[in-house]
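What follows is each chain in one-letter form.
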Amino acid sequence: MEMGSSQEIEVLEARGEIYACPSCGYTDGFHVSFRWNEGASEGEVYLICPSCHRRFRMGWQISTSPIEP
Ligand SMILES: [Zn+2]
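Conventions and cut-offs
- Residues numbered from 1 in each chain as written.
- Predicted model: local features only at pLDDT ≥ 70, side-chain atom pairs only at ≥ 80, totals over all residues.
- Buried ≥ 20, exposed ≤ 12 C-beta atoms within 10 Å, placed from the backbone.
- Helix = DSSP H or I, 4+ residues; strand = E, 2+ residues; numbered from the N terminus.
- Pairing = 2+ DSSP bridges.

*Asks:* A description of the pairing of strand 2 (residues 31-36) should follow, citing residues and the corresponding values.
*Replies:* Consecutive side chains of a regular strand alternate in pointing toward one face of the sheet and then the other. Among the six residues in strand 2, zero count as buried, and that is only a small part of the element. Note: strand 2 against strand 3 (residues 42-48), six bridges, orientation antiparallel. Within strand 3, the residue paired with Phe34 across the bridge is Val45. Joining the antiparallel neighbours strand 2 and strand 3 is a turn of five residues, in which Gly39 adopts a positive phi near 65°.

Set out below in structure tokens:
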């Protein structure tokens, strides 16, 4: 399976308190990672279960802008 492929990222509904993995039941929260669109400054934050390593999208769209010194 290709790394970074969107097919392997499940959608997780953003409501209530999210600390348990719906796939394996792990209850100590998630790792956070980022997926950037090719050649763009926009991307998405997604969650990774530290136990079963399933990935979950929450619809958290992000963008970058130049950082002024
Ligand atoms: Zn899990």
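*Asks:* With reference to specific residues and values, describe unusual backbone geometry.
*Replies:* For His53, which is not glycine, the phi dihedral falls at a positive 65°. Within the secondary structure, His53 is located in the loop between strand 3 and strand 4 (55-63).

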